[in-house]
Protein chains: 2
Amino acid sequence: MLKVPDHQVAGHKASDGVLGPLIDDSGLFYKPLQNDGRGSNELAFYTTFTSDARIPYHIFGYFPKFYGTKVIEASDGSGLHPHLVLQDIVFSFENPSLMDIKIGSRTWFPQASDDYIDKCFKRDRETSSLSLGFRISGLQMFGTKDSGFWKPQRKLTQNLNSDQAKLLLRKFVSSNMPAESDVCPDSALASNVYGGFTGVLEQLLELKAWFEKQTIYHFYSCSIIIVYEKEEVLNGKSSGAIVKLVDFAHVLEGNGVIDHNFLGGLCSFIKFISEILTSPEENCISSTNGIRT
Amino acid sequence: MLKVPDHQVAGHKASDGVLGPLIDDSGLFYKPLQNDGRGSNELAFYTTFTSDARIPYHIFGYFPKFYGTKVIEASDGSGLHPHLVLQDIVFSFENPSLMDIKIGSRTWFPQASDDYIDKCFKRDRETSSLSLGFRISGLQMFGTKDSGFWKPQRKLTQNLNSDQAKLLLRKFVSSNMPAESDVCPDSALASNVYGGFTGVLEQLLELKAWFEKQTIYHFYSCSIIIVYEKEEVLNGKSSGAIVKLVDFAHVLEGNGVIDHNFLGGLCSFIKFISEILTSPEENCISSTNGIRT
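Cut-offs applied
Every chain is numbered on its own, with residues counted from 1 as its sequence reads. Going through the entries in the order they are written, you letter the chains from A and number the ligands from 1. Only residues with pLDDT of 70 or above have their local features reported here, since the model is predicted, and side-chain atom pairs are shown and tallied only from 80 upward, although totals for entire chains, interfaces and linings are computed over all residues. Values reported for side chains reflect all heavy atoms of the structure, with hydrogen atoms and water molecules removed beforehand. UniProt positions are given in the numbering used here, feature names are shortened, and annotations may be inferred rather than shown by experiment. Numbered from the N terminus, helices here are DSSP runs of H or I no shorter than four residues, and strands are runs of E no shorter than two. Working rule for helices: expected span equals 1.5 Å times residues minus one. We call a residue buried when its accessible area falls under 20% of the maximum for its residue type, exposed when it is over 50%, and partly exposed in between, using a 1.4 Å probe and counting protein chains only. Within this analysis, the arc is defined by the directions that extend from the helix axis to the C-beta atoms. Where a domain begins and ends is set by an automatic assignment or by a domain database. Residue contacts are counted whenever heavy atoms from the two residues lie within 4.5 Å of one another. A simple way to read buried area is as the amount of 1.4 Å-probe accessible surface that goes missing from two parts once joined, with both sides added. In the cavity and pocket records, a cavity denotes points on a 1 Å grid over the protein atoms alone where a 1.4 Å probe fits but cannot get out, a pocket denotes an open set with protein on both sides within 12 Å along at least 5 of 7 lines, and lining residues are residues with an atom within 4 Å of a point. Grid points are joined across faces, edges and corners, and a volume is the space filled by probe spheres set on the points. By this definition, two strands are paired if DSSP reports at least two bridges between them. Axis lines are fitted to C-alpha atoms, over the contacting stretch for helices. Their N-to-C directions set the angle, which ranges from 0 to 180 degrees. The working definition used for a salt bridge is a side-chain nitrogen of Lys or Arg within 4 Å of a carboxyl oxygen of Asp or Glu. Under this scheme an angle from 65 to 115 degrees is roughly perpendicular, one under 35 degrees roughly parallel, and one over 145 degrees roughly antiparallel; angles in between are oblique. It is the rotation of the near helix from the far one that decides the hand of a crossing: anticlockwise by less than a right angle makes it left-handed, clockwise makes it right-handed. In the scheme used here, Gly and all other residues not listed as nonpolar or charged are polar, with Ala, Val, Leu, Ile, Met, Phe, Trp, Tyr, Cys and Pro taken as nonpolar and Asp, Glu, Lys and Arg as charged.

With an unreviewed UniProt entry as reference, chain A is termed Inositol polyphosphate multikinase, source organism Quillaja saponaria. Among the UniProt annotations of chain A, the heading Sequence similarities (unreviewed entry) holds the following wording: "Belongs to the inositol phosphokinase (IPK) family." Reading the Function (unreviewed entry) entry of the UniProt record for chain A gives the comment "Inositol phosphate kinase with a broad substrate specificity."

Engineer: Outline helix H1 (residues 38–50) of chain A, listing residues and values.
Structural biologist: All names here are of chain A. Taking 1.5 Å of rise per residue, the 13 residues of H1 would be expected to cover 18 Å, and the 18 Å separating its terminal C-alpha atoms lies within 8% of that figure. Turning to H1, its buried residues are Gly 39, Glu 42, Phe 45, Tyr 46 and Phe 49. Along the axis of H1, the buried residues cluster in a sector spanning 125 degrees; they form a single face.

Engineer: Can you tell me about the domain arrangement of chain A, naming the residues and giving the values?
Structural biologist: Residue and element names in this part refer to chain A. Annotation of chain A at the domain level lists domain 1 (22–87) and domain 2 (96–287). Placing the centre of domain 1 and that of domain 2 at their C-alpha centroids yields a distance of 22 Å. Taken together, the contact pairs 20 residues of domain 1 with 16 residues of domain 2. Each partner contributes to the roughly 1600 Å² buried at the junction of domain 1 and domain 2, and carbon and sulfur atoms together form 62% of this total. For the domain 1 face of the interface with domain 2, the top three residues by lost area are Phe 45, Tyr 62 and Phe 63, together amounting to 39%.

Engineer: How would you sum up empty space enclosed by the protein? Please name residues and give values.
Structural biologist: Scanning the entire structure with this criterion turns up 2 cavities of 30 Å³ or more. If you add up the space inside the largest cavity, you get close to 240 Å³. Listed by contribution, the elements that provide at least two residues to the lining of the largest cavity are helix H3 (114–126) and helix H9 (260–278) of chain A together with helix H3 (114–126) and helix H9 (260–278) of chain B.

Engineer: Give a description of the sheet that holds strand E9 (residues 223–229) of chain B that names residues and reports values.
Structural biologist: Residues and elements named next belong to chain B. Strand order across the open sheet formed by 5 strands is E7-E6-E5-E9-E10, with antiparallel pairing between neighbours. Each having just a single partner strand, strand E7 (149–150) and strand E10 (242–246) make up the two edges of the open sheet. Across 2 bridges, the pairing between strand E6 (residues 134–142) and E7 is antiparallel. Bridging across to E7, Phe 142 finds its partner in Phe 149. Running over the sheet, helix H5 (residues 162–171) touches strand E5 (96–103), E6 and E7 and is turned about 30 degrees from E6.

Engineer: Lay out the interface of chain A and chain B in plain terms, naming residues and giving numbers.
Structural biologist: Tallying the contact residues gives 30 residues for chain A and 30 residues for chain B. Interface area, chain A with chain B, both sides summed: about 2200 Å², of which 61% is carbon and sulfur. Sorting the residues of chain A by area buried against chain B places Leu 130, His 260 and Lys 271 of chain A first, and these three jointly supply 23% of that buried surface. Linking chain A to chain B there are 4 salt bridges. A salt bridge links Glu 212 of chain B to Lys 208 of chain A, with the shortest nitrogen-to-oxygen separation between them at 2.8 Å.

Engineer: Summarise the packing of helix H7 (residues 200–211) of chain A against H9 of chain A; cite the residues concerned and give the values.
Structural biologist: All names here are of chain A. The contact between H7 and H9 brings their axes to 10 Å, and the two run at 155 degrees. The angle between H7 and H9 places the two elements in the roughly antiparallel class. Crossing of H7 over H9 shows left-handed handedness. Across the interface between the two elements, Leu 201, Leu 204, Leu 205, Leu 207, Lys 208 and Phe 211 from H7 touch Phe 262, Leu 263, Leu 266, Cys 267, Phe 269, Ile 270, Ile 273, Ser 274 and Leu 277 from H9. For the contact of H7 with H9, the class distribution of residues is 13 nonpolar, 1 polar and 1 charged.

Engineer: Now, about the pairing of strand E2 (residues 28–32) of chain A: what can you tell me, with residues and values included?
Structural biologist: Residue and element names in this part refer to chain A. For E2, a buried count of 4 out of 5 residues is recorded, marking the element as mostly surrounded by other parts of the structure. The sheet contact formed by strand E1 (residues 22–23) and E2 spans 2 bridges and is antiparallel. Within E2, the position partnered with Leu 22 by the bridge is Tyr 30. Connecting E1 to the next strand, E2, in antiparallel fashion are 4 residues, including Gly 27 with a positive phi near 95 degrees. With 5 bridges joining them, E2 and strand E4 (residues 80–87) adopt antiparallel strand pairing. Paired with Leu 28 across the bridge in E4 is Gln 87.

Engineer: Tell me about the pattern of salt bridges, and name the residues and values.
Structural biologist: This structure, assessed with the given rule, holds 26 salt bridges over all chains. Residue Lys 3 of chain A is joined to Asp 6 of chain A by a salt bridge in which the shortest nitrogen-to-oxygen separation is 3.3 Å. Notably, a salt bridge pairs Asp 36 of chain B with Arg 38 of chain B, separated by 2.9 Å at the nearest N-O pair. Judged by relative accessible area, Arg 38 of chain B falls into the partly exposed class, the value being 32%. Among the ionic contacts, a cluster of salt bridges with common partners joins Lys 208 and Glu 212 of chain A together with Lys 208 and Glu 212 of chain B.

If you want it as structure tokens, here you go:
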């Protein structure tokens, strides 16, 4: 009954020979425990976090539900392997448009080995992490039933300058086909998806308010996932946009200090989203030479 | 008429053979233009910034006033040297208690040379910049007319963990003599200096609100200076606490992105100040083994 997720835009994709996540048809997401300490660290985080009385109730909603671990057949054909059992956050979506944004200008933590720091440092400089405070690790956008999903190559989304990032974040909420790069994105869905009382911006601001206070956890190399249903918006309904944090293999204790690295990157991302809402009509001079699709 | 400032806690101090800032008796501060590009960069910043119509009026108040440049006799005896002419921000204070906090977990900018980045990177890790998002570059606190100023060595304030930083920030607003490290700081001046409508916290929050929006400048290796008059508080008056940004030798263009590095560090500092206000009575278990005075 287990299968490879249809809507994965970042991370290792399960296939023959590759260990990756699996889903079932009841809304569960099985993430293989990585062997090198990252797995045990992520498990420790989920275990501690979900029973942590210091976390405000409304904040739990920004994290996938956690159902323990389960040993199942690994996707790479290597036999039985322990997996985290999590909520499949796109389960209730028909054709989810989704984006994975890795938050923070720095994906490494101070206590890491020099080799690890060097590797991350190089990657942060090559991508937009250092400059923008985040990088778009991947995305997919639903077009039409005929055209299906637009899914730019990851390497084309990770290293954007500010104009290109703004353009891509506009495309993500546009109703005209985003893959046609000479069409100016109309941002037609922005007010529904990014805006509104239950939209992405309000959710991000709620998270920000928590990050301004919480000194419990530091989230390195963690992503925000944004998901919405395009067809719902076009039918005049709410987009059902959700915001979730994922990937906690590098969560550390905060030791009395806020996570200023995550918060800074989150504020930068929020600024991009706000700008699209306050000037949805902004012309797109750079649309033809911006994102290469 | 020029003399060495009485109340300098960070940076090069003018003396025979050392080029440093000078003040006059009319409230002006003469900062020697550094030769290696930093001087011209800081001059360019002041020139552009002070006539930048995009800066909200109330934000100018957080920067020293700028009066151009002047060639005067250098403090190191080397002859005539160009100086920035700035407002002496402690001019109106009798016995200023003051603190210099370098903001940001990262003091280097991405475009810098590898050597410069390595140097700053090492320093950021050795000090509390990387962990706290700021480092206290120096401070002085007025005790009494007899005891004068308490001025811990800079190396003792730059590398604090969160408990030590909290303790030092409490000491800075305590009425019992802070140099006696076995006395628990009473935080007696906290509500006057840090709190209140015109206190430090409100000023920091106003700056934060601007940094959440502004994408014009990125302030690397820039400091916040906090100054107040202890005697005024003890006499039941307002502390006259001021908050100013200083040191703009490494200001860069923002290119459409907020200064997430500065903002993250500022939010971390704000969290410390807020905590002292919300729990001024917190015991000081670590006071005897905290800051070494």
